[in-house]
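Chain and residue survey
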Amino acid sequence: MNLKTKYYNPDIETMERGELDALVEERIKYTVNYAAENSLFYKKWFLEHNIKPSDIQSHEDLLELPIISGKTIRENQPPETVDFGFRAVDWKDVFTIHETSGTSGTPKSFFLTWEDWERYAEKYARSFVSQGFGPGDRVIVCASYGMNVGANTMTLAARNIGMTIIPIGKCNFPPRVMTSYKPTSIVGSVFKLISLAKRMKVQGMDPTESSIERLIVGGESFPDESRNYVAEVWGCDVFNTYGSTEGTMCGECSHLKGLHVPEDLVHMDVYDPRMDGFVKDGECGRIVLTTLLPVGAKCGNVLLNYDTEDTTVVMDREKCSCGRTHMRVLNPQREAETFWIFETPFNRVDIEKGVFQRENMEYLTGEYEAFLYGGEDEGEVTLRVSLECEDAQNCNRQVIEANFLGSFLKYKRALEDAYIQGSLDIIFNYVGPGQLEFYHIKGRPKRIVDRR
Ligand SMILES: [Zn+2]
């Protein structure tokens, strides 16, 4: 097979581990030095802490540098400060400016040079090629073309590999788009892809008979159960990507053994919950990113040890069966979507897994929302799960509840005990199409609301 059709950048993507690690160290050294020379924040930090940038030689040495967060970025940009502390090029070299809104406060500003765009696009191009995309593919991008970089980066990546992009920017497009342009793929969310399939069926179109060859789900984490359901509804493979404006763009290859991290372009460390050291591979921890620049390159924004507030597990650094050597991680989860009850964490993904149990999908649409309430007495918690049904009168509640509980309480001994003893109450609420509370609220649906 022609290497060019199997890999986007064969030399880098299949680089032997020792060589790859050496390349990463070289880029860590260069990038740390670049940060100290070009970003106000790091210039000041190295001076104040009396550390020489050249002391940072390796991946372990990054532990000497501060961990920064979205809060640090906001504290080092207007209106808090006069200039942007993490901007690392002259204004004349800034090609685009972006903002990402977190859960609180002013949006964080990001600056990209054209070179940054090219590197970002390369990450997506590698991921697309690893999923079997190539010239002749026609891809509908449902992700929005706004201040975020995802949709634009995919579009640029498409130019590099000869694909056609249909930049709709949202998922509620008319099904005629499917018959008119015969797209081979769609980039969207689990729920948008399910609802599109439903709208097609209403118009007499069968999604499994459509021109779609594979789908890409990005932007949020999901359990295998919901991926499998989307794959079944569409009759094709569904791949996961994880990306952010800060520069991570990881994607599953067609072997579906975790998401490949483009190690030469972004450095990903996984920290323990106290944030004072790395966890071992195979253990869950916080994703901390460091920009990696090729020697001699510039970048608009430089971040060393940036806490993404997402969690993951490094699955493997050995060569994947696809031939790529770059490490693979589990689908990252958002820490902001993790909730604690009875000293046990659970994530939105755990709820979603319970909802999407295959048998449940005979009755449910997949749309759900959950609420946490404090009980009358201290130490009592109620989890209310609202489920949208095709027909709320005729759904087998016993089956749904048994499947949900079996999945949700599995591996969570403390929650199971609390449930059996009655201090944790899990109640189910069944509603008809369009009746969940989040439909009345603008923006991204909030799937779990903590009302304690
Ligand atoms: Zn692979």
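The shown structure was predicted, so the numbers you read here are calculated from the model rather than taken from an experiment. (Residues numbered from 1 in each chain as written. Predicted model: local features only at pLDDT ≥ 70, side-chain atom pairs only at ≥ 80, totals over all residues. Heavy atoms only, no water.)

**Digging into the overall build of the protein**
- Counting its secondary structure elements, the protein contains 13 helices and 20 strands.
- Here the protein has a C-alpha radius of gyration of 23 Å; the compact-globule value for 452 residues is 22 Å, and the two agree.
- Expressed as lengths along the three principal axes of its C-alpha atoms, the size of the protein is roughly 65 × 60 × 45 Å.
- By sequence separation, contacts in the protein at least 24 residues apart represent 67% of the contacts at least 6 residues apart.
- Entry remark: accessible area of the protein is about 20,500 Å², with carbon and sulfur atoms responsible for 49%.
- Distance between charge centres in the protein, computed from 51 positive and 68 negative side chains, equals 5 Å. (Helix = DSSP H or I, 4+ residues; strand = E, 2+ residues; numbered from the N terminus. Rg over C-alpha atoms; globule rule 2.2 N^0.38 Å. Contact = heavy atoms within 4.5 Å. Areas by Shrake-Rupley, 256 points an atom, 1.4 Å probe, with all protein chains shown as cover. Lys, Arg positive; Asp, Glu negative; His and termini not counted. Charge placed at Lys NZ, Arg CZ, Asp CG, Glu CD.)

**Some thoughts on the side chain of Q131**
- Structurally, Q131 can be placed in the loop between helix 6 (114–130) and strand 3 (138–141).
- With near-sequence residues (within four places) excluded, Q131 lies in contact with R214, I216, F239, N240, T241, G251, E252 and S254.

**Comments concerning the coordination of the zinc ion**
- With distances of 2.2 to 2.3 Å, the protein atoms coordinating the zinc ion are C253 (SG), H260 (NE2), C320 (SG) and C322 (SG).
- With 4 donor atoms in place around the zinc ion and angles of 103 to 115° between them, the coordination shape is tetrahedral.
- If you list the donors of the zinc ion from N- to C-terminus, the spacing comes out as C-x6-H-x59-C-x1-C. A residue pair is termed long-range when its members are at least 10 positions apart, and C253 in the loop between strand 8 (249–252) and strand 9 (259–260) and C322 in the loop between strand 12 (306–316) and strand 13 (328–329) qualify at 69 residues. Take C253 and C322: they sit in the same class, and that class is buried. (Donors = N, O, S within 2.8 Å, 3.2 Å for Na, K, Ca; no water. Tetrahedral: all angles 85-135°; square planar, octahedral: opposite > 155°, others 65-115°. Buried < 20%, exposed > 50% of the residue type's maximum accessible area, 1.4 Å probe, protein only.)

**A look at the packing of aromatic side chains**
- Counted by the stated rule, this structure contains 21 aromatic pairs.
- Relative to Y368, the ring of F191 has its centre 6.1 Å away and its plane inclined at 55°; by these criteria the two rings are tilted. Taken together, the positions of F191 in helix 9 (residues 190–202) and Y368 in strand 17 (residues 364–374) put the pair 177 residues apart, joining distant regions of the chain.
- Members of the aromatic cluster, connected to one another through ring pairs, are F339, F346, F404, F408 and F428.
- The positively charged end of R447 is found above the aromatic ring belonging to F191, 3.9 Å away from the centroid.
- Cation over ring: R447 sits above Y368, and NZ or CZ is 5.0 Å from the ring centre. (Phe/Tyr/Trp six-rings, centres within 6.5 Å; stacked < 30°, edge-to-face > 60°. Lys NZ or Arg CZ within 6 Å of the ring centre and 35° of its normal.)

**Notes on the sheet that holds strand 17**
- Spatially, 19-18-17-20 is the arrangement adopted by the 4 strands of the open sheet, whose pairing is mixed. Two strands in the sheet have a free side with no partner beyond their single neighbour: strand 19 (424–431) and strand 20 (448–450). When the angles between neighbouring strand axes are averaged without regard to direction, this sheet yields 15°.
- Where strand 18 (residues 381–389) lies against strand 19, 8 bridges are found, and the strand directions are parallel. (Pairing = 2+ DSSP bridges. Axes fitted to C-alpha atoms, helices over the stretch in contact; angles between N-to-C directions.)

**Description of the domain arrangement of the protein**
- Here the protein is partitioned into domain 1 (1–331) and domain 2 (338–450).
- Taken over C-alpha atoms, the centre of domain 1 sits 31 Å from the centre of domain 2.
- Taken over both partners, the interface formed by domain 1 and domain 2 buries close to 1,200 Å², and the fraction arising from carbon and sulfur atoms is 53%.
- If you look at where domain 1 meets domain 2, you find 4 salt bridges.
- Between K198 and E390 there is a salt bridge, with its nearest N and O atoms 3.9 Å apart.
- If you look at where domain 1 meets domain 2, you find 5 residue pairs in polar contact (both at pLDDT 80 or more).
- Elements represented by at least two residues in the side of domain 1 that touches domain 2 include exactly helix 9 and helix 10 (224–234).
- Partitioning the side of domain 1 that touches domain 2 into residue classes produces 6 nonpolar, 3 polar and 4 charged. (Domains from an automatic or database assignment. Buried area = accessible area lost by both parts, 1.4 Å probe. Salt bridge = Lys/Arg side-chain N within 4 Å of Asp/Glu carboxyl O. Polar contact = N/O pair within 3.5 Å; in protein donor to acceptor, adjacent residues only side chain to side chain. Nonpolar A, V, L, I, M, F, W, Y, C, P; charged D, E, K, R; others polar.)

**Let's talk about the state of the cysteines**
- Tallied over the entire structure, the rule returns 0 disulfides.
- Looking at the unpaired C250, the closest cysteine sulfur is the one in C253, lying at 13 Å.
- A relative accessible area of 1% means that C250 is categorised as buried. (Disulfide = S-S within 2.5 Å.)

**Some words on the pattern of salt bridges**
- Applying the stated criterion across every chain, the model contains 36 salt bridges.
- Ionic pairing is found between R447 and E367, a salt bridge with its closest N-O pair at 2.9 Å. Highlighted residues: R447 in the loop between strand 19 and strand 20 and E367 in strand 17, separated in sequence by 80 residues. Of the two residues examined, R447 and E367, each falls in the buried class.
- The residue R451 makes a salt bridge to E437 at a minimum N-O spacing of 3.2 Å. Note that R451 is positioned in the segment after strand 20 and E437 in the loop between strand 19 and strand 20, a separation of 14 residues in sequence.
- We classify R451 as partly exposed; its relative accessible area is 39%.
- Several salt bridges converge on common partners, so that one network encompasses R27, E122, R126 and D264.

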